[in-house]
Amino acid sequence: MGNVIDFSFALEVFGKLIGYVPVTLGLALSSMFFASVLGLAVMFVRWRRIPVLGQLATFYVIIGRALPTLIVLYLVFFGLPLLLLILSGGKVNNGFNQISPLVFAVLGLTLHSGAYLAEIFRTAVQSVNKGQMEAALSVGMTSWESFRRIVLPQAAVLALPLMSNQFLGLIKGTSIAFMITVMELFGAANVISSLNNRYLEVYIATAILYWLVSICFEKAFQMLEAKMSFFKERKI
Amino acid sequence: MIALKNIQKSYGDNQVLRGIDCTIPTGSVTVIIGPSGSGKTTLLRGINFLERADKGEIILDDMQVDVEKATKKEIHALRQRTAMVFQSYNLFQNKTALENIMEGLVVVKKLTQAQAKEKAEVYLEKVGLVEKGSFYPTQLSGGQQQRIGIARALALDPKVILFDEPTSALDPELVGEVLDTMKRAAEEVKCTMLVVTHEIAFARDVADQMIFMEGGNIVEEGRPREMIQAPQEERTRKFLSRFTLQQAGIC
Amino acid sequence: MGTYFSLEYMLESLPVLLSYMDVTILVTVISEIAAMVLGSAVALMRIHRMPALNGLCIGYISFVRGTPFLVQLYLICFGVPQILGAFGYADIRSLPVLLFVLMVMTLHSGAYIAEIMRGSILSIDEGQLEAACSIGMTAAQAYRRIVLPQAFRTAIPALSNEIISTLKNTSLVFNVGVIDMLSKAELMGSFSYRNLELYLDVGIVYIFLCLAIHAGTVFLEHGRGRHKNQAAMVTVE
Ligand SMILES: Nc1ncnc2c1ncn2[C@@H]1O[C@H](COP(=O)(O)OP(=O)(O)O)[C@@H](O)[C@H]1O
Ligand SMILES: [Mg+2]
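Okay, so let's go over this structure.

Cut-off values and rules
Residues numbered from 1 in each chain as written. Chains lettered and ligands numbered in written order. Predicted model: local features only at pLDDT ≥ 70, side-chain atom pairs only at ≥ 80, totals over all residues. Heavy atoms only, no water. Helix = DSSP H or I, 4+ residues; strand = E, 2+ residues; numbered from the N terminus. Buried < 20%, exposed > 50% of the residue type's maximum accessible area, 1.4 Å probe, protein only. Contact = heavy atoms within 4.5 Å. Areas by Shrake-Rupley, 256 points an atom, 1.4 Å probe, with all protein chains shown as cover. Lys, Arg positive; Asp, Glu negative; His and termini not counted. Charge placed at Lys NZ, Arg CZ, Asp CG, Glu CD. Polar contact = N/O pair within 3.5 Å; in protein donor to acceptor, adjacent residues only side chain to side chain. Nonpolar A, V, L, I, M, F, W, Y, C, P; charged D, E, K, R; others polar. 1 Å grid on protein atoms, 1.4 Å probe; cavity = no way out; pocket = protein on both sides within 12 Å on 5 of 7 lines; lining within 4 Å. Points joined across faces, edges and corners; volume = space filled by probe spheres on them. Pairing = 2+ DSSP bridges. Axes fitted to C-alpha atoms, helices over the stretch in contact; angles between N-to-C directions. Near = heavy atom within 4 Å. Buried area = accessible area lost by both parts, 1.4 Å probe. Salt bridge = Lys/Arg side-chain N within 4 Å of Asp/Glu carboxyl O.

## Examining the overall build of chain A
Link 1 in the chain: Counting secondary structure elements, chain A contains nine helices and zero strands.
Link 2 in the chain: Going from the N terminus to the C terminus, chain A shows its helices and strands as α-α-α-α-α-α-α-α-α.
Link 3 in the chain: Along the first, second and third principal axes, the C-alpha atoms of chain A reach 75 × 60 × 25 Å.
Link 4 in the chain: Counting only residues that meet the buried cut, chain A has 52% of its 236 residues in that class.
Link 5 in the chain: Long-range contacts, defined as pairs at least 24 residues apart, comprise 79% of the intrachain contacts of chain A with a sequence gap of at least 6.
Link 6 in the chain: Of the accessible surface of chain A, which amounts to about 11,200 Å², a share of 69% is contributed by carbon and sulfur atoms.
Link 7 in the chain: Of the charged side chains in chain A, 17 are positive and 10 negative; the average position of the first set lies 11 Å away from that of the second.

## Observations concerning the interface of chain A and chain C
A common way to report how large an interface is uses the accessible area buried once the components associate.
Link 1 in the chain: Listed by partner, the interface residues are 40 residues for chain A and 37 residues for chain C.
Link 2 in the chain: Taken together, the connections running from chain A to chain C amount to nine residue pairs in polar contact (both at pLDDT 80 or more).
Link 3 in the chain: Of all the secondary-structure elements, those providing two or more residues to the side of chain A that touches chain C are α3 (53-66), α4 (69-87), α8 (185-196) and α9 (200-228) of chain A.
Link 4 in the chain: By residue class, the composition of the side of chain A that touches chain C is 28 nonpolar, seven polar and five charged.

## Description of the side chain of S193 of chain A
Link 1 in the chain: Relative to the elements of secondary structure, S193 of chain A occurs in helix α8.
Link 2 in the chain: Not counting residues within four places of it along the chain, the set of residues in contact with S193 of chain A comprises R198, Y199, V202 and Y203 of chain A.

## Concerning the layout of surface pockets
Link 1 in the chain: There is about 960 Å³ of room inside the second largest pocket.
Link 2 in the chain: As for the second largest pocket, its lining consists of 27 residues, of which W47, R48, M133, L137 and S143 of chain A are closest to the centre.
Link 3 in the chain: Taken together, the elements giving at least two residues each to the lining of the second largest pocket come down to α2 (21-47), α5 (101-127), α6 (130-139) and α7 (143-173) of chain A together with α2 (72-81) of chain B.
Link 4 in the chain: Here the residues of the lining of the second largest pocket are counted per class, giving 11 nonpolar, five polar and 11 charged.

## Observations concerning empty space enclosed by the protein
All names here are of chain B.
Link 1 in the chain: Under the definition given, this model contains one cavity of 30 Å³ or more.
Link 2 in the chain: K126, V127, L154, T181, R184, A185, E188 and V189 together form the lining of the largest cavity.
Link 3 in the chain: The leading source of residues in the lining of the largest cavity is helix α6 (residues 172-188), at four residues.
Link 4 in the chain: By residue class, the composition of the lining of the largest cavity is four nonpolar, one polar and three charged.

## Section: the sheet that holds strand β9 (residues 209-214) of chain B
Residues and elements named next belong to chain B.
Link 1 in the chain: Spatial strand order, β6-β7-β8-β3-β9-β10: six strands in an open sheet with mixed pairing. With partners counted over all chains shown, the strands left at the sheet margins are β6 (82-85) and β10 (217-222), one partner each. Recorded for the sheet is a direction-independent mean angle of 20 degrees between the axes of neighbouring strands.
Link 2 in the chain: Here strand β3 (residues 29-33) runs beside β9; their pairing, made up of four bridges, is parallel. Of the residues in β9, the one forming a bridge with I32 is I211.
Link 3 in the chain: The sheet strands contacting helix α1 (residues 40-47) are β3, β6, β7 (160-164), β8 (193-196) and β9, and the helix crosses β7 at an angle near 150 degrees.

## Quick look at the site of ligand 1
Residues and elements named next belong to chain B.
Link 1 in the chain: Lining the immediate environment of ligand 1, one finds Y11, N14, V16, P35, S36, G37, S38, G39, K40, T41 and T42.
Link 2 in the chain: For ligand 1, a nitrogen atom lies 3.5 Å from a polar atom in the side chain of Y11.
Link 3 in the chain: Between ligand 1 and T42, the relevant distance is 2.5 Å, taken from an oxygen atom to a side-chain nitrogen or oxygen of the residue.
Link 4 in the chain: Protein coverage of the free-state accessible area of ligand 1, which is 560 Å², stands at 60%.
Link 5 in the chain: In terms of residue count, the dominant contributor to the shell around ligand 1 is α1 (three residues).
Link 6 in the chain: Taken together, the residues of the shell around ligand 1 sort by class into three nonpolar, seven polar and one charged.

## Section: the interface of chain B and chain A
Link 1 in the chain: Contacts between the two partners involve 28 residues from chain B and, on the opposite side, 24 residues from chain A.
Link 2 in the chain: In total, chain B and chain A occlude about 2,300 Å² of area from one another, counting both sides; carbon and sulfur atoms represent 55% of this.
Link 3 in the chain: Seen at the junction of chain B and chain A, the total is two salt bridges.
Link 4 in the chain: The salt bridge partner of E103 of chain B is R149 of chain A, with a shortest N-O separation of 2.4 Å.
Link 5 in the chain: Here chain B and chain A share eight residue pairs in polar contact (both at pLDDT 80 or more) between them.
Link 6 in the chain: Only α2, β6 and α3 (97-107) of chain B provide two or more residues apiece to the side of chain B that touches chain A.
Link 7 in the chain: Per element, the largest residue contribution to the side of chain B that touches chain A is four residues, and it comes from α2 of chain B.

Below is the structure:
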């Protein structure tokens, strides 16, 4: 009974695992950055209704949101080397073993989140009052200027709550990267637990770390939202 | 001077503008009246290419634009020379009152920030809202927002300002301040104005020309006082009767 | 190209993998039904600020939303046997893993559903509850017959998203020993080395299931929007 939880072991594990939090955060932040760029591009292509590209973008958004993260990661992990192999006519054969699995993970997580962000951005742009664009055009701005200076900043604020939600999801989603051998927080937890044949302590420590990180970011986003919504409904 | 030649526009089978011709001399004020659905908004939006009309010509001083064939460049040039005041104000929600006026000056007229600020403050003064410069639109009343909207338009020195029912979304007690602002714009700035409104008193006191539209046609045009007192067309008389009755009741 | 990628193998494997789809659907359906009950209960406890329980619910929701599903899955599936073992249950490995998985998925989804339901219950006009009580219903009756049905209706889109997210989470449960499409794909891949083909198959199945849920939601929203249509008609008159 006394050995249900070994506290000193738990504490020791906690200390070890903290070292992997930066990996998890790095994965989440870089994927979020690339996914935002991708999502913006996809949203823009759909917004301008660019032929072919627009349809492709819509297809990507539907498929990207229907696939589990793990499958996306697997498809990138197994598919990308093959794709390059085929495109190069068999020349680029080796060398994939040298590519860090981190690269595949960031790519996979980017593709996955990008689809969600594209949809978030699209909804946000759509919910900006149409009159804003018209007023900007009537002042003599080009449609690009109107979009960039008037519509986009307002859409960004509208998108903020959903974006922060997406990022919080991404932090948790990075745990799936261990399946393609990335040594992030959860991957490290798995190694430690199986080496010591003790699970409860390790996964509790892991959960607490994720929880703390999530809470910190949640609070930060709440503060950011409060700061950014200066022009939304705040009647005097 | 702005002139429209045979402007036509249909939505599907619904012919909304059936060939509109009119001329507005520089520095004059023209008021358009007419029942709801007669195509007034469509006409103004057509001039600014927020909606492209099907046919016709728009002449703005030395510029001549064929609506059907207008290029992106022509549309942009036209928009740079016109300005619009919207029924729902449409102030940029992410900008303060002052920044709303500055925005077009910086982006379109390419003034420096400092120049734009200086000019914007002048116009803020003209509409009597100097102390509201740092307020966001949601912090202003409807009347104040619309006055900023007018300042935003005036500051661009446009050849013509298009007003689409600028006071119809306002609470009655706020209508006066906006009409006063428009009146001052007409008298002091000598701005060319095309105004859709149902404020007959404003038309009578400020406008040089009045147009009555119905069913996509101009039914009658003339000097406001004469038209209000003695409309030539039966349809104009009918439409105006409720306003004159209203005014008779008030006076 | 055939040496790198075999369409034939992909098509051949699809029916094999499809035969494992029932596990995926079963796990999703059972845990989601249980999660709806749990989530609604938690939502009501929170709305009524039941002492002690309210705080517990807040902690539970925060924990589930703040930690990855995988961690929760491993915590229960590997941690609970360790506890049981410490108390002397020797036979822990014989407990069906599916039971643990269903428990985790229910607890996980239940927290998200609690937040969804709380939001939609709060969005229902308080007058509805008062009206129901005024004709003599008990609070329980009023909730079951008047408030909750309306709350479920407003929550349909969000609940549908939650079901889809639960469905996608099933792609992770093979890690703790559930035999499903992914464990089969992994097994087949270790012989054929054609993992890409196999995972494409699994991906197609998931896409199909997601779109099916989505279509069902749209149908439900349009087919059952009676209240709203009537309201619109009244205002037109
Ligand atoms: N985007 C549109 N699509 C279809 N019909 C429209 C559109 N905009 C306006 N209309 C129609 O054009 C007619 C004139 O509208 P509008 O110009 O707004 O009239 P007014 O401003 O004089 O009230 C109306 O019958 C209206 O239904
Ligand atoms: Mg109108």
